[in-house]
Amino acid sequence: DAGVIQSPRHEVTEMGQEVTLRCKPISGHDYLFWYRQTMMRGLELLIYFNNNVPIDDSGMPEDRFSAKMPNASFSTLKIQPSEPRDSAVYFCASSLGDRSNEQFFGPGTRLTVL
Amino acid sequence: GIQVEQSPPDLILQEGANSTLRCNFSDSVNNLQWFHQNPWGQLINLFYIPSGTKQNGRLSATTVATERYSLLYISSSQTTDSGVYFCAVGYRAGGGADGLTFGKGTHLIIQP
């Protein structure tokens, strides 16, 4: 069974450009989470969805960040415009939710904004 | 929000040694997970353990929810155990999932 899939694995872009990160959760999982990892702040939750509906977006740092989940098998995290301080590793995770809270993480996308 | 403290922050051991990593949390949880972040940055699930004791090979974990701590035991360490170990917790009233709050991690180095 495939795990959580993220793309791209690495992204290098210039300040001001739009960045789109993609995630495919484990099939059958009802919850999808986006996290960010930086040296300064560690691993922190950005937003999560239940059955494609955003539940808690209080961790989204600014209006430049937006996330969508158009269907059960796909989510995007968009940064527009990107800034150098957005450089980080972005992880997507999924879980069954009510049946089990255990979260499984994708390999992450390493974003560098120059 | 829930506070998570991990100790020690750094640990250097010789191959074959045993170690105990601790995670303290500030409030009730219905999710507690231990992860190993390997040198390639992948977060590997070790245990899902909101309460009780589990064992998997050389690793075991215990969570005492009433006293708000969890312990991860690594026995007979191998160089491949090196990396950062994270404890992460979550709580949602009424059940269902919630985002995880991560500790700062324990950076473990196993020397040959």
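Residues numbered from 1 in each chain as written. Chains lettered and ligands numbered in written order. Predicted model: local features only at pLDDT ≥ 70, side-chain atom pairs only at ≥ 80, totals over all residues. Heavy atoms only, no water.

Student: So what exactly am I meant to see when it comes to the overall build of chain B here?
Tutor: Tallying secondary structure elements over chain B gives zero helices and 11 strands in all. Walking chain B from its N terminus toward its C terminus, one meets helices and strands in the order β-β-β-β-β-β-β-β-β-β-β. For 112 residues, the compact-globule formula gives about 13 Å, and the C-alpha radius of gyration of chain B, at 14 Å, lands near that figure. Along the longest, intermediate and shortest principal axes, the C-alpha atoms of chain B span 45 × 25 × 20 Å. With an accessible surface of roughly 5,300 Å², chain B has 48% of that area assigned to carbon and sulfur atoms. Computed over 6 positive and 7 negative side-chain charges, the separation of the two mean positions in chain B equals 6 Å. (Helix = DSSP H or I, 4+ residues; strand = E, 2+ residues; numbered from the N terminus. Rg over C-alpha atoms; globule rule 2.2 N^0.38 Å. Areas by Shrake-Rupley, 256 points an atom, 1.4 Å probe, with all protein chains shown as cover. Lys, Arg positive; Asp, Glu negative; His and termini not counted. Charge placed at Lys NZ, Arg CZ, Asp CG, Glu CD.)

Student: Any chance you could explain the interface of chain B and chain A here in plain terms?
Tutor: Where interface size is quoted, it is often the accessible area lost as the parts come together. Contact residues are listed per partner, giving 18 residues for chain B and 18 residues for chain A. Carbon and sulfur atoms supply 52% of the area buried between chain B and chain A, which totals about 1,600 Å² over both sides. Where chain B meets chain A, there are zero salt bridges. Joining chain B to chain A, the criterion identifies nine residue pairs in polar contact (both at pLDDT 80 or more). Counting only elements with at least two residues in the side of chain B that touches chain A, the list comes to β4 (31-37) and β5 (43-48) of chain B. No other element matches β4(B), which puts four residues into the side of chain B that touches chain A. Class assignment of the residues belonging to the side of chain B that touches chain A gives a composition of seven nonpolar, nine polar and two charged. (Contact = heavy atoms within 4.5 Å. Buried area = accessible area lost by both parts, 1.4 Å probe. Salt bridge = Lys/Arg side-chain N within 4 Å of Asp/Glu carboxyl O. Polar contact = N/O pair within 3.5 Å; in protein donor to acceptor, adjacent residues only side chain to side chain. Nonpolar A, V, L, I, M, F, W, Y, C, P; charged D, E, K, R; others polar.)

Student: Quick question: what am I supposed to make of the sheet that holds strand β1 (residues 4-7) of chain B here?
Tutor: Within a beta sheet, neighbouring strands are joined by backbone hydrogen bonds and run either parallel or antiparallel to one another. Residue and element names in this part refer to chain B. Strand order in the open sheet formed by five strands is β1-β3-β8-β7-β6, and the pairing between neighbours is antiparallel. The open sheet is flanked by β1 and β6 (52-56), the only strands paired with a single partner. Here the average twist between neighbouring strands, direction ignored, is 15 degrees. When β6 meets strand β7 (residues 59-64), the two strands line up antiparallel, connected through five bridges. Note on β7: the bridge partner recorded for G52 is T63. (Pairing = 2+ DSSP bridges. Axes fitted to C-alpha atoms, helices over the stretch in contact; angles between N-to-C directions.)

Student: I keep staring at the side chain of Q6(B) and nothing clicks. Help me out?
Tutor: Residues and elements named next belong to chain B. For Q6, the position within the fold is in strand β1. Using a relative accessible area of 13% as the deciding quantity, one classes Q6 as buried. Polar contacts involving the side chain of Q6 include one to the main-chain amide nitrogen of C87, which spans 3.0 Å. In terms of polar contacts, Q6 uses its side chain to reach the backbone amide nitrogen of G105, at 3.1 Å. Apart from residues no more than four positions distant in its own chain, Q6 is found in contact with R22, W34, Y85, F86, C87, G103, K104, G105 and T106. (Buried < 20%, exposed > 50% of the residue type's maximum accessible area, 1.4 Å probe, protein only.)

Student: It is not clear to me how the pairing of strand β2 (residues 10-14) of chain B should be interpreted in this structure. Could you clarify?
Tutor: Working note: regular strand, side chains alternate between the two faces of the sheet. All names here are of chain B. Of the two faces of β2, only the one carrying L11 and L13 is buried; D10, I12 and Q14 on the other face are not. Sheet topology note: the β2/strand β11 (residues 106-111) ladder contains five bridges and is parallel. In the sheet register, L11 faces β11, and the bridge partner there is L108.

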